[in-house]
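Secondary and tertiary structure notes
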Amino acid sequence: MDYQFKDIEQKWQQFWADNQTFKADNNSVKPKYYVLDMFPYPSGAGLHVGHPLGYIASDIFSRYKRLKGFNVLHPMGYDSFGLPAEQYAIQTGQHPAITTEANIATYRRQLDQLGFSFDWSREVRTSSPGYYKWTQWIFMQLFNSWYDKATDKAESIEKLAAHFDQYGSAGVDAVSDEEVLSFTADEWKAYTKEEQQAELLKYRLTYLRESTVNWCPALGTVLANDEVKDGFSERGGYPVEQKKMRQWSMRITAYAERLLQGLDTIDWPEPLKEMQRNWIGKSIGASVRFQMSAPPKPSPEGRAFNKVSPTGGDLEGAIEVFTTRVDTIFGVTFLVLAPEHELVCELTTPEQKAEVDAYIAQSKKKSELDRMADTKTVSGAFTGSYVINPVNNEKVPLYIADYVLAGYGTGAVMAVPSGDQRDYLFAKHFGLPIVPIMDIQHIETEADPTKEGRYINSDFMNGLNYKEGTAKVISFLEEKGAGKAKVNFRMRDAIFGRQRYWGEPVPVYFKDDLPYLIDEKDLPLVLPEVDKYLPTETGEPPLARASNWKYHPAPSKSPPVGETYPTHQAGNYRETADPVYYEQLKEFSRDNRNQPTEAENILWQLLRNNQTGYKIRRQHAISQFIADFVCLEKGLVIELDGHHHKLNKEADDARTEILNYFGFEVIRFDNDEVLKFPQKVFEEIKQKLTSLPERISPTQPSPLVSGRASEITAGEAKVSPAGGDLEGAGGYAYEHSTMPGWAGSSWYWYRYMDSNNDKEFASEKAIEYWKDVDLYIGGSEHATGHLLYSRFWNKFLKDMNLVVEEEPFKKLINQGMIQGRSSFVYRLTLQDENLSQSHYFLSKGQAKKWEISETFGQELLDEWKINFIIKSYEGNPQRLAFGPLHVDVNIVNNDILNIEKFRAWRPEYKDAVLILEDGSISSPTGGGREGAYICGVEVEKMSKSKFNVINPDDIIERYGADTLRMYEMFLGPLEQSKPWNTNGIEGVFKFLRKFWRLFHDEQWNFSLSDAAASKAELKSLHKIIRKVEEDVERFSFNTSVSSFMIAVNELTDLKCNKRAILQDLVVVLSSYAPHICEELWVLLGNQPGSLSYAPYPTFNPEYLIEDEFAYPISINGKTKINLNLSLSLEAAAIEAAVIGSAEVQKYLDGKTPKKVIVVKGRIVNIVL
RNA sequence: GCUCAGAUGGUGGAACUGGUAGACACGCAGGACUUAAAAUCCUGUUCCCGUUAAAGGAGUGCGGGUUCGAUUCCCGCUCUGAGUACCA
């Protein structure tokens, strides 16, 4: 039979799924190899032809490595929390979980169609509680850690607290907030618990801080720096403003140096490393303190000008600056503070106050955008104060200006106008002196930042060079206590939270306005249900809408917890400890709500709409349970028990007890009771409700912008049925923001190692075996987001001894983007009017003529008498123009428009008149002429709006997955961006048919010969065996495809149908085109499924040895002829043979060559 | 502005450490088969000059250089793409 790709591909995809062919084993004697694709977000649009590019490459690599005897881990999953599903939820009210589920289904179907060898048994989803339990767990570890600079690693926060207990804050060298307290051990112990917690929070690796964030009002959330482009949100393009908010942050800056150093140890593309280096932005310089020239007056607020510097030590009335050119300090003629600098107010003299205030007001008004666009204008204001330059005791004026950023360094600079262009402009503008400090400096028109030459005007540095000078001035400053060498990083701590619904809840609750972790056994903290996915009216995040979503720490005395309490077997209970079980329960529970039991339905009809006088909710979450019915007002839970209750009595009783602790009454009815006497049950409930005291109303949403409510007021505390005071019985407010998009993806490669483990994020054994990712393939857009955060978390986990490698991704490859290739038609329009009704379209060449020729328009009109236009253009062809319009690429073939399909494409093109490339006209009435309509072409992003999206489903339908896989590779080098053009795909398809044909006779019967292979056949085979090895190892997949074509062309010419050759060829090709090869493998008589683990054929160089070579003979470097010579000849013999040859003599023209270069086996060059 | 990557036929691209530039594929042209078309197969296809063939010349963004020999190495420039931007 001819090559029936559809049947073959379906058959093998089914086989692989049924037999779990690609399941990776965590116990193997084989060497491990971990191939990973960057975590996809399952978007609603599904895959376009560009998405699988990296997956195909990684799949080829994985399959190849299996053939080479490696135990390959090649997993796939979904980064399934994210904005699009949430935006959709806001618009439609559909729960993002449902949208996500549907999107994943589409994604999975499309991935399956491509024949990838993923181990699907390890699939993960960041949005499933079984996964995010561990994301929350890692968050807890970060919360419980601080960074000790002395050991250069993260340590337990308990260790720090113990140190405080024993020694106070002395001797702590930590990465922390700027304003930490100094205290003795006794002072520490005298602090209240709250004060201690507040202090520890300043050290934790994840912490709350008032910070300036990119707030996007339209999206109602905070964005990361890399999600903001030019003052607008990357997604959606909404304006972004700066806003102060209390936010969770991650102390990634603690790892800045390690993140930088680590880059030298990993095999990543240089541009990517460079991006990370820039992002980390290390600069080596010095901090210098400039003393105030006069003691500052006490500030109006009464705050003494006496604070601790960011680097420690008392400032005692000095301004600290950071500089990378401390050697230029003798050139300092003024100091500049950022307008936001906290000392500005105090340092401003009364005379200057008006001017400074005006400037601050003005710069505040400027948006980030304006400030960026306007880098030329010099602005600033004099504070009236002066500082003393520590090296020469000169008095230097103090200014403020918005070219100094509050967030970098110390928010203050020493200005050296001779060496820095911004300082230079500023000095010119304000008439400040410009002092040259280098003998070769040219500062007539602009600053000269040179480091060459010798110092002048620099006192003790005069005559020294840059290196000597820098060392000398630093030691001078250190001696004087006025400065020291310092390293500064541009990178800021990462904000870790969004005011959004669809993300991981932060496992934190608040007590006395301080954050505390929930108990580890209460993980996962499950995302609560909300009525709307929007912020509350008071501006709190959507999670604040979850009614009665409060944390109830386990009671301190004899809790009815333990193994028995959570082990319910029925679906009514939300069970939090076992994520796998929870998943089942969730489904069960959803079904329950959709298909309630008859009893529930009957009772609900009686309870709904305040018929009891009180509001009743059904299937409502209380803590980790879902109650059948609940009245929150009165604290009454109504449970209906089916038959399972009897089996579960013990657990249910435990549950009742806990609910009691939390101040709920529980009454139970069984189903039969409700079915038989519904009215009686109703009356009983009503009575019970009336008899119960009013429960205190739920807490008001907190007015705090930080996105959390304050905890329960004291009055809400309940007394337990057992007596005794129950602290926080009403529950503590949870954190209401959720984790950012990068949380779940910052550790996922470890989950794949052991994805079904419910005891740990991955077992020690699994991590010890798989270690790290050997090959990571993905786009470079994640350079400063995912890839940086992942390295950060990995280093932290390493510090915690939870993982074994310092770097998670040893080798990384960026696949290029596949761009769209848009097609255009050119419609005639009037230049000054929007003439959208025009039916006239010019072919590309005609449109071009119009562009170059002034009279062409007239000629065109005369020749074709376009009446409609004549009417509109009023005889003036100058008013006519043509506008390019996107046209669906699916109705264009080789740039030729399918005119019929075009007219049918949209109603407004029904009557289109097309002026074809050859000048003839195609009108709907007159029928088509000979000519073709040529479309214009442009390379753009692939997107629906540009009508240039190619869906892989369509390609697979026409040519099959094997063809698509090979074609995507054939397109060009993996790393390069390139436009998609379906035109070449025929060639690949033909190749596969040709390959298939090698195994078949004229009548398409499978037919092979067992004869011995000829020399030429073996040569072809071994050429490709070696070529594919070389190519795959260096990720040059496109060249292998070409070589496969060459091999098959050669074997076809040789009429080779020998098993000895073709069986090996099947193995070699199988990583590229797995389906067709599996089919042939079985036809060859092998066990189905064994191909994936067959040994890769061994290359034998003997088959490639030639005894003759056609030497190219060049004269003066230009090749003239080829000469066949034996390869056994040595250089001298070759030279003699070449010079002696009649053909060469012809070129020599009787002359004697000046020189003859002979490279054996390569070339002969004769120099005349 | 700075940093990085790239530029080869009509198109995608190949040439791995300096050694026959344009492999392989698309497209195009011509031919075979066919009543015809599709499909398939064969031949040609960097450009210029040349009736064909032979022979010749030019040629890897542009201008120089090193070398017997440069797409490859060096210097300067142009263009394209990406990242980043008052970072002290």
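Overview of the structure. (Residues numbered from 1 in each chain as written. Chains lettered and ligands numbered in written order. Predicted model: local features only at pLDDT ≥ 70, side-chain atom pairs only at ≥ 80, totals over all residues. Heavy atoms only, no water.)

**Focus on the protein's contact with RNA strand B**
By nearness alone, 52 residues border RNA strand B, and Thr 324, Tyr 408, Arg 422, Leu 971 and Asn 1165 come closest of all. Considering the 4 Å shell around the protein, atoms of RNA strand B inside it are sugar or phosphate in 63% of instances. Thr 323 places a polar side-chain atom, nitrogen or oxygen, 3.0 Å from a sugar or linking oxygen of RNA strand B. With respect to RNA strand B, the backbone of Thr 324 contributes an N or O atom lying 2.3 Å from a sugar or linking oxygen. If you list the elements that add at least two residues to the surface near RNA strand B, you get helix H10 (270-280), strand E12 (318-323), helix H31 (985-998), helix H32 (1015-1033), helix H33 (1037-1053), strand E39 (1118-1126), strand E40 (1155-1159) and strand E41 (1163-1167). It is H33 that provides the largest number of residues to the surface near RNA strand B, a total of six residues. (Near = heavy atom within 4 Å. Polar contact = N/O pair within 3.5 Å; in protein donor to acceptor, adjacent residues only side chain to side chain. Helix = DSSP H or I, 4+ residues; strand = E, 2+ residues; numbered from the N terminus.)

**A closer look at the packing of helix H30 (residues 961-970) against helix H35 (residues 1074-1083)**
Packing of H30 against H35 brings their axes to within 7 Å, and their N-to-C directions diverge by 130°. Between H30 and H35, the angle is such that the two are oblique. Listed contacts from H35 to Ala 961, Asp 962 and Arg 965 of H30 are Pro 1074, His 1075 and Ile 1076. Looking at side-chain class alone, the contact of H30 with H35 contains three nonpolar, one polar and two charged residues. (Axes fitted to C-alpha atoms, helices over the stretch in contact; angles between N-to-C directions. Parallel < 35°, antiparallel > 145°, perpendicular 65-115°, else oblique. Contact = heavy atoms within 4.5 Å. Nonpolar A, V, L, I, M, F, W, Y, C, P; charged D, E, K, R; others polar.)

**Quick word on the environment of Thr 206**
Relative to the helices and strands, Thr 206 resides in strand E6 (residues 206-216). The contacts of Thr 206, once residues within four sequence positions are left out, are Phe 139, Leu 142, Phe 143, Trp 248, Ser 249 and Met 250. There is a polar contact of 3.1 Å between the side chain of Thr 206 and the backbone oxygen of Ser 249.

**Observations regarding the pairing of E40**
Where burial is concerned, the two faces of E40 differ: the one with Val 1156 and Val 1158 is buried and the one with Lys 1155, Ile 1157 and Val 1159 is not. Pairing geometry for E40 and E41, over five bridges, is antiparallel. What sits directly across from Val 1158, in E41, is Val 1164. The antiparallel pairing of E40 with E41 creates a hairpin that spans three residues between the two strands, and Gly 1161 there sits at a positive phi of about 75°. (Buried < 20%, exposed > 50% of the residue type's maximum accessible area, 1.4 Å probe, protein only. Pairing = 2+ DSSP bridges.)

**Focus: the sheet that holds E40**
Pairing in this open sheet of four strands is mixed, and the strands run E39-E38-E41-E40 from one edge to the other. Edge positions in the sheet fall to E39 and E40, since each has one partner strand and no second. Geometrically, the sheet is characterised by an average inter-axis angle of 20° between neighbouring strands, direction not taken into account. Examined bridge by bridge, strand E38 (residues 1108-1115) and E41 share three bridges and lie parallel to one another.

**Remarks on the pattern of salt bridges**
The final tally for this structure, using the stated rule, is 50 salt bridges. Its salt-bridge partner being Glu 86, residue Arg 500 comes within 3.6 Å of it at the nearest N-O pair. Of this pair, Arg 500 sits in the loop between strand E18 (494-495) and strand E19 (508-511) while Glu 86 is found in helix H3 (residues 83-92), placing the two residues 414 residues apart along the sequence. Residues Lys 353 and Asp 357 are paired through a salt bridge, measuring 2.8 Å at the closest nitrogen-oxygen approach. (Salt bridge = Lys/Arg side-chain N within 4 Å of Asp/Glu carboxyl O.)

**Quick look at the sheet that holds strand E27 (residues 775-778)**
The strands that make up a sheet pair up through hydrogen bonds in the backbone, lying either parallel or antiparallel. The four strands lie next to each other as E2-E1-E27-E28, forming an open sheet whose pairing is parallel. Of all strands in the sheet, those with a lone pairing partner are strand E2 (71-73) and strand E28 (812-814), marking the two edges. Between one strand and the next, the sheet's axes are offset by a mean angle of 15°, whatever the strand orientation. Across three bridges, E27 lies against E28 in parallel orientation. Within E28, the position partnered with Tyr 776 by the bridge is Leu 812.

**Some points on unusual backbone geometry**
Omega for the peptide link from Leu 523 to Pro 524 comes to -5°, which places this bond in the cis form. For Pro 524, the location among the structural elements is in the loop between strand E20 (514-517) and strand E21 (550-551). Positioned with a positive phi, Asp 152 is a non-glycine residue whose angle comes to about 55°. Under the relative-accessibility criterion, Asp 152 is labelled partly exposed at 41%. One non-glycine residue, Lys 1055, lies in the positive phi region at around 55°. Mapped onto the elements of the fold, Lys 1055 is located in the loop between H33 and helix H34 (1059-1069).

**A closer look at helix H21 (residues 678-691)**
For H21, spanning 14 residues, the distance from its first C-alpha to its last is 20 Å, which sits close to the expected 20 Å at 1.5 Å a residue. Every buried residue of H21 is listed here: Val 681, Phe 682, Ile 685 and Leu 689. Along H21, the residues classed as buried sweep out an arc of 100° about the axis, all on the same side. Away from the buried face of H21 by more than 90 degrees, exposed residues Gln 687, Thr 690 and Ser 691 are located. (Expected span 1.5 Å × (residues − 1). Arc of directions from axis to C-beta.)

**Section: H30**
Summarising burial for H30: nine of the ten residues are buried, a large majority. Among the residues making up H30, those that are buried are Ala 961, Asp 962, Thr 963, Leu 964, Arg 965, Met 966, Tyr 967, Glu 968 and Met 969. Among the residues trailing H30, Gly 972 stands out with phi positive, at a value near 155°.

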